[in-house]
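Each chain, written out:
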Amino acid sequence: MHELEQLQNPERLVLFAVTEKGEVKKAEDSLVELAELAETAGGEVVGTMIQPLEAKNKKTYIGKGKVEELKELIHETNAQAAIADDELSPSQIRNLEEELGIKVLDRALLILDIFAQRATTREGILQVEVAQLADGLTRLIGEGHALSRQGGGIGTRGAGEKKLETDRRHIRSRLNTLCKELKELEGQRDMNREIRKKQGFPLIAIVGYTNAGKSSLLNKLTEADVLAEDKLFATLDITTRKLSLESKQTVMLTDTVGFIRKLPHHLVEAFRSTLEEAVVADLIIHVVDGANPFEEKHRQVVYETLAQIGADKIPVLTVFNKKDIWPENTILRDDMAEATVYASVKTGEGLAELLAKIEEIIRRLKPYICTTISYADGQKIDFIRRYGQVVVEEYREDGIYIEAYLEEAYIQKLDLKRE
Ligand SMILES: Nc1nc2c(ncn2[C@@H]2O[C@H](COP(=O)(O)OP(=O)(O)OP(=O)(O)O)[C@@H](O)[C@H]2O)c(=O)[nH]1
Ligand SMILES: [Mg+2]
């Protein structure tokens, strides 16, 4: 659907979920988020339904009686599509579509659809297509049925979706081609990363739940021009900017794609190289929307995702953001973080403290050296200032006494003797 047409005439959606008895509250929270996702995809939620059930129905996910109820709800609200909060099997989708007479999707397909709409760079587009094809392939296995989403609108966008109409063999060969092309792009990025590492600048990755304010933070600190929006997954591509700290030390700050609960596993795989920006970082800045009632769950998802990609050993500095709109008496803590800052990117409150904390941690992460440099070697000090951090500088008889934080490689390169 065309974006403008979508705005004027959003697709009408009903959301439904099955949950264990006693877990209804959790299911409701998850549906609130599913509704946000649905709106991000350009839809309008016109009804929801939750069924407490011991076991999900193999054929139709919800129970038989509930299918009838859902049918009524669809009829009353004139809905055009129904979205389940859990992953559905292809036969569940097919059976439900037959019973309900409208398009049926699940959370993973919805997220894939949003990613497909938002991808702009070659790499992003390829990553989304890989995720869609891999998702389709998994759903096809054992089904002997081609999953095709027809009729347009949500769940039918992105190059990958069209390919699902062809058979598995084609999907596999297309996946191979795409993966090769992606590998090349990743190779280029690895090289850029290497160059950055060689330059000696500490690398800082900004991570966090989607919509927490990561891009806004990068923009505020570095005057970058990254799209920041009140939408989920505004950022799919990586932006890195230099940031000069008070001490004149330069660090590299990278904005990354947001996390979300039940992030489709194929997306994590396809976006692994993007997410890996966090793995190579010296420090992770974890941005949390402190005003979001589910912030605790969000933090948990972020830490789980970091562990999943192998970035759980890197020090974390947590920023509880959006302080300007926190409800009164908000108390926030993050025991997983090495340090915590309370801030508002919008008003600027707490950002000076954030910069000071970054400085403090980076300083600790970098080796420290005490040395005397002869007056004839004065240019070495310029070098140290640029790539490290001079803490003490005294002009003495035998030369300039320096205490500085500097990477071991530079200490060797400059042939500095430790005192
Ligand atoms: N009130 C308030 N809003 C904020 C603050 N910081 C960011 N926002 C808003 O929060 C929304 C999301 O901000 P983004 O910077 O796009 O969030 P993100 O974490 O990059 O999100 P994704 O890229 O979608 O994962 C935007 O509407 C911002 O204007 C803040 O301190 N206070
Ligand atoms: Mg962003």
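In this convention, every chain numbers its residues from 1, walking through the sequence in written order. Numbering of ligands from 1 and lettering of chains from A proceed in the order in which they are written. Totals for whole chains, interfaces and linings use all residues, but because this is a predicted model, local features are given only for residues with pLDDT of at least 70 and pairs of side-chain atoms are given and counted only at 80 or more. Each side-chain value is derived from all of the structure's non-hydrogen atoms; neither hydrogens nor water enter the calculation.

Description of the domain arrangement of the protein
For an interface, size is often stated in terms of accessible area lost upon the parts coming together. Those domain boundaries reflect an automatic or database domain assignment. Here the protein is described as being made up of domain 1 (1-198), domain 2 (200-364) and domain 3 (366-413). Using only C-alpha atoms to locate each centre, domain 2 and domain 3 end up separated by 32 Å. Facing the 9 residues of domain 2 at the interface are 8 residues of domain 3. Both sides together, the interface formed by domain 2 and domain 3 hides about 770 Å², and carbon and sulfur atoms give 44% of it. Salt bridges, as used here, are contacts in which a Lys or Arg side-chain nitrogen is within 4 Å of a carboxyl oxygen on Asp or Glu. At the boundary of domain 2 with domain 3, the tally comes to 0 salt bridges. Polar contact is defined as a pair of N or O atoms within 3.5 Å, subject to the rule that within protein one atom must be able to donate a hydrogen and the other to accept it, and that residues adjacent in sequence are counted only when both atoms are side-chain atoms. Applying the counting rule to domain 2 against domain 3 returns 0 residue pairs in polar contact (both at pLDDT 80 or more). Residue contacts follow a heavy-atom distance rule, with two residues in contact if any of their heavy atoms lie within 4.5 Å. A 1.4 Å probe defines the accessible area here, and the buried area is the portion of it lost by two parts on being joined, summed over both.

Here's the deal with a negative patch on the surface
Each patch groups residues whose relative accessible area exceeds 30% and which form no salt bridge, using 9 Å between like charges and 5 Å between nonpolar side chains of Val, Leu, Ile, Met, Phe, Trp and Tyr. Only the protein chains shown count as covering a residue, and every accessible area follows the Shrake-Rupley method with a 1.4 Å probe. Under this rule, positive means Lys or Arg and negative means Asp or Glu; His and the chain ends count for nothing. Charged groups are reduced to one reference atom each: NZ for lysine, CZ for arginine, CG for aspartic acid, CD for glutamic acid. A cluster of like negative charges, contributed by Glu68, Glu72, Glu76, Glu98 and Glu99, occupies part of the molecular surface. Of all the secondary-structure elements, those providing two or more residues to the negative patch are α3 (64-77) and α4 (90-100). If one sorts the elements of the negative patch by residue count, α3 sits on top with 3 residues. A run of H or I in DSSP becomes a helix once it reaches four residues, and a run of E becomes a strand once it reaches two; helices and strands are each numbered from the N terminus.

Looking at the sheet that holds strand β3 (residues 81-84)
Overall, parallel pairing links the 4 strands, which are arranged β2-β1-β3-β4 in an open sheet. Looking at which strands have only one partner, the edges of the open sheet turn out to be β2 (43-52) and β4 (103-106). In this sheet, adjacent strand axes meet at a mean angle of 25° when their direction is disregarded. Axis definition: a line fitted to C-alpha atoms, limited for helices to the stretch in contact. Angles are taken between N-to-C directions and run from 0 to 180 degrees. Across the face of the sheet, helix α2 (residues 24-40) comes into contact with β1 (11-19), β2 and β3 while running at roughly 160° to β2. Along the sheet face, α4 touches β1, β3 and β4 and points at about 145° away from the line of β4. Strands were regarded as paired on the criterion that DSSP finds at least two bridges between them.

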